[in-house]
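Each chain, letter by letter, is given below.
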Amino acid sequence: MKYKTVKLITKVADFIIIIAVSVDTVLLVKGLLKYGFHLYSFYINLSTILFFISLLFLLKNKRNIIIAGFYIFAISYVGHVLDLIQINNLGMYIGLFFTVYLTILYMQELTSVQVKPILKLLYWVKKKNYKYAFQLSLIEQKNGDYDKAKNYIEIAHENGLTTYEYNKRYGLILFDEKRYNECIFFIDNAIKENDDDLMLNYYIGYSYSEIGNYATSIYYLTKFLEKENDIDVRYVRAVSYSMNGDILKSIEDYTRMIEENKNRADIYYNRGLEYQKINMMDEAIKDWENATIVESPDPKAFIALAKIEHENDNIEKAKQLFCKGISLDSSLTIYVPLEYRN
């Protein structure tokens, strides 16, 4: 997003926050005149003072982390004010606007380490609002603390997060943990509630591939690809086709990917392996050669070509190719015959 657009959104957001605080102040004065001072008005008064202080900070320095905290409090507070003046539909649209706005702030200014304490404070203040627990879950997942991520998503579910979102998010945490069997259970439940989320088909298809159920993997990945073309999803399906014994369909997928991106060495290399399985060696060799001349060559392709030269007694050529392959990836040394290792 261009800087000018971000700047404009920031100004509009600042304006809305100022209006929210101003309305709250009017309501406070009206309440004091009508009902006198009591605990509720004291809470409103304290909140208003905090937000006026926050506005001073905002005018002074937008980059300060304290400012981000006040922004989030302010955004939460807009909903409180709208509840008081009973403009519920407007509150929904304002909330949507601020979701986008917070995302921009987050991407531009803040790291998850900075945002996390603010969300924790909000969560403590408003424990029954599942949104804060949900955001904390996302941050913990990003930071790799999957147990905490699952704990927060369970709390969010207990306090209003839909069953669909719960199953989806819990499944994605398990996916990141590589606990694919458990992931499948939750993602499958999410798909039953919302079959339109294409990415769920990818995650469950990938998971089935990882546990060796290639036919089911192909089913879900095909559902995705019928509606949207994605080279990474097609790559997983090509691997699943191969592992399921359908070599021609695997080659077909790799060919489609090469048509779209002629610089992926791994795709050339993999298609070469498929050609090798059906004894189409000329095509295999051509693919492996292509995998060595792209911008980021695949070291395994050098090893594959070296083995061909070795079988044809082209010792010097084989040696050069073996050396090139292991220079790019030393772990491939185990595939090099002993006579070429010195």
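Figured I'd write up the structure that's included with this text.

What counts and what doesn't
Residues numbered from 1 in each chain as written. Predicted model: local features only at pLDDT ≥ 70, side-chain atom pairs only at ≥ 80, totals over all residues. Heavy atoms only, no water. Salt bridge = Lys/Arg side-chain N within 4 Å of Asp/Glu carboxyl O. Helix = DSSP H or I, 4+ residues; strand = E, 2+ residues; numbered from the N terminus. Buried < 20%, exposed > 50% of the residue type's maximum accessible area, 1.4 Å probe, protein only. Axes fitted to C-alpha atoms, helices over the stretch in contact; angles between N-to-C directions. Parallel < 35°, antiparallel > 145°, perpendicular 65-115°, else oblique. Left-handed = near helix turned anticlockwise from the far one by under 90°. Contact = heavy atoms within 4.5 Å. Nonpolar A, V, L, I, M, F, W, Y, C, P; charged D, E, K, R; others polar. Phe/Tyr/Trp six-rings, centres within 6.5 Å; stacked < 30°, edge-to-face > 60°.

Looking at the pattern of salt bridges
Within this structure, the stated rule accounts for 16 salt bridges. Here Asp-253 makes a salt bridge to Arg-234, at a shortest N to O gap of 3.0 Å. With Asp-253 in helix 13 (residues 247-260) and Arg-234 in helix 12 (residues 231-243), this residue pair connects regions lying 19 residues apart in the sequence. For Arg-234, a relative accessible area of 6% gives the class buried.

Describing the packing of helix 12 against helix 13
Between helix 12 and helix 13, the least distance of the axes is 7 Å, while the angle of their chain directions is 160 degrees. Of the possible angle classes, the one that applies to helix 12 and helix 13 is roughly antiparallel. Crossing of helix 12 over helix 13 shows left-handed handedness. Residues Ile-231, Arg-234, Tyr-235, Arg-237, Ala-238, Val-239, Tyr-241 and Ser-242 of helix 12 form the contact with helix 13, whose own contacting residues are Ile-247, Lys-249, Ser-250, Asp-253, Tyr-254, Arg-256, Met-257 and Glu-260. Its residues placed into classes, the contact of helix 12 with helix 13 shows 8 nonpolar, 2 polar and 6 charged.

Quick word on the packing of aromatic side chains
Within this structure, the stated rule accounts for 13 aromatic pairs. Geometrically, the ring pair formed by Phe-175 and Tyr-203 is edge-to-face, given 4.8 Å between the ring centres and 75 degrees between the ring planes. Residue Phe-175 is located in helix 8 (residues 163-176), and its partner Tyr-203 is located in helix 10 (residues 198-210); the two are separated by 28 residues in the primary sequence. The class for Phe-175 is buried, based on a relative accessible area of 13%. Considering the side-chain rings of Tyr-202 and Tyr-206, the 5.9 Å spacing of their centres and the 55 degrees angle between planes classify their relative orientation as tilted. Residue Tyr-202 and its partner Tyr-206 are located together in helix 10, separated by 4 residues, close to a single helical turn. The rings of Phe-175, Tyr-180, Tyr-202, Tyr-203 and Tyr-206 are connected pair by pair, giving a single aromatic cluster.

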